[in-house]
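Understanding the architecture of this molecule
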Amino acid sequence: SLSPVFGGPKGQRRADDMTVDCISADEWRRVRELTAEIVTLSGEERYEASEQATHELLELLADLQEKYGPLPTLLSIRADYVSSLDERECLLVAAYLGAVQRADVRNQTWVSHSLAAHYLDALRDDTKGERWLAIAEDSLRQCHDELVAEELARLRGMLNARQRPR
């Protein structure tokens, strides 16, 4: 999914050296380093090392959640790295609800996109996928993100193709 790990407002420093989620820049830097390491190791087919880095990332996210609470950013990143589809769904729904509660439209956009992709790509549940796709498209109108827009167009095209009579 598209998450704020590699930049955007969640990765930007504020004057008080915190992210907009109030996570210290040093702690957030470690999250970014681990996610980059996991991607690199997976790309190099070094799966055992990638699994170790994933384990370290999940532990770090759990520690950050204990310190800062269940922030939408932390939950959605964790969802990207758990193996259980059920756990992924629960984390993403919790992240979305947290983003709504915080009036965090950017995270609403990212997480609703992740939910749409989860249902359409991973579960092939067109009913739930279409619901989250509509929510993501609505959020995108309030907080435009070009990468999310491209992904939503891909998901909409895939859904339309699956719904065409044969």
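Residues numbered from 1 in each chain as written. Predicted model: local features only at pLDDT ≥ 70, side-chain atom pairs only at ≥ 80, totals over all residues. Heavy atoms only, no water.

1. So, the pattern of salt bridges
By the definition in use, this model includes 13 salt bridges. Here Glu 56 ties to Arg 30 by a salt bridge, and the two come within 2.5 Å at their closest N and O atoms. With Glu 56 in helix H2 (residues 47–68) and Arg 30 in helix H1 (residues 25–43), this pair connects stretches of sequence that are 26 residues apart. A residue is classified by how much of its surface remains accessible, and Arg 30, at 30% relative accessible area, is partly exposed. (Salt bridge = Lys/Arg side-chain N within 4 Å of Asp/Glu carboxyl O. Helix = DSSP H or I, 4+ residues; strand = E, 2+ residues; numbered from the N terminus. Buried < 20%, exposed > 50% of the residue type's maximum accessible area, 1.4 Å probe, protein only.)

2. So, the confidence of the model for the protein
For the protein, the average pLDDT comes to 89, and 88% of its residues sit at 70 or higher. Scored below 50 in pLDDT, residues 5–16 makes 31 contacts in the model with residues more than four places away or belonging to other chains. (pLDDT = per-residue confidence, 0-100. Contact = heavy atoms within 4.5 Å.)

3. Looking at the environment of Ser 112
Positionally, Ser 112 belongs in helix H5 (residues 105–122). With 22 residues separating them along the chain, Ser 112 and Ala 134 place their C-alpha atoms 8.9 Å apart. The residues contacting Ser 112, other than those within four sequence positions of it, are Tyr 96, Asn 107, Trp 132, Ile 135, Ala 136 and Ser 139. A polar contact is formed between the side chain of Ser 112 and the backbone oxygen of Gln 108, at a distance of 2.6 Å. (Polar contact = N/O pair within 3.5 Å; in protein donor to acceptor, adjacent residues only side chain to side chain.)

4. Structural notes on helix H4 (residues 85–101)
Taking 1.5 Å as the rise per residue, H4 with 17 residues should run 24 Å; its terminal C-alpha atoms sit 24 Å apart, in good agreement. Considered for burial, the residues of H4 that qualify are Arg 88, Glu 89, Leu 91, Leu 92, Ala 95, Tyr 96, Gly 98 and Ala 99. Each element contacted by the buried residues of H4 is listed here: helix H3 (72–81), H5 and helix H6 (126–142). Looking at the residues trailing H4, positive phi occurs at Ala 103, about 55°. (Expected span 1.5 Å × (residues − 1).)

5. Points about the packing of H5 against H6
Packing of H5 against H6 brings their axes to within 8 Å, and their N-to-C directions diverge by 155°. Classified by the angle their axes make, H5 and H6 are roughly antiparallel. Viewed along their axes, H5 and H6 form a crossing whose handedness is left-handed. Contact residues: H5 offers Val 105, Gln 108, Thr 109, Ser 112, His 113, Leu 115, Ala 116, Tyr 119 and Leu 120, while H6 offers Asp 126, Lys 128, Gly 129, Glu 130, Trp 132, Leu 133, Ile 135, Ala 136, Ser 139, Leu 140 and Gln 142. (Axes fitted to C-alpha atoms, helices over the stretch in contact; angles between N-to-C directions. Parallel < 35°, antiparallel > 145°, perpendicular 65-115°, else oblique. Left-handed = near helix turned anticlockwise from the far one by under 90°.)

6. A look at the nonpolar core
Core analysis: the biggest nonpolar cluster contains 23 residues, and Val 111, Leu 115, Trp 132, Leu 133, Leu 152 and Leu 155 have the highest contact counts within it. Those elements that place two or more of their residues in this core are H3, H4, H5, H6 and helix H7 (146–163). Core analysis: the second largest hydrophobic core is formed by 14 residues, Val 31, Leu 41, Leu 60 and Ile 77 among them. (Core = buried A, V, L, I, M, F, W, Y, C linked by side-chain atoms within 4.5 Å.)

7. A few points about the side chain of Asn 107
Along the polypeptide, Asn 107 turns up in helix H5. Judged by relative accessible area, which is 0%, Asn 107 ranks as buried. Within the structure, the side chain of Asn 107 is placed 2.8 Å from the side chain of Asp 104, a separation counted as a polar contact.

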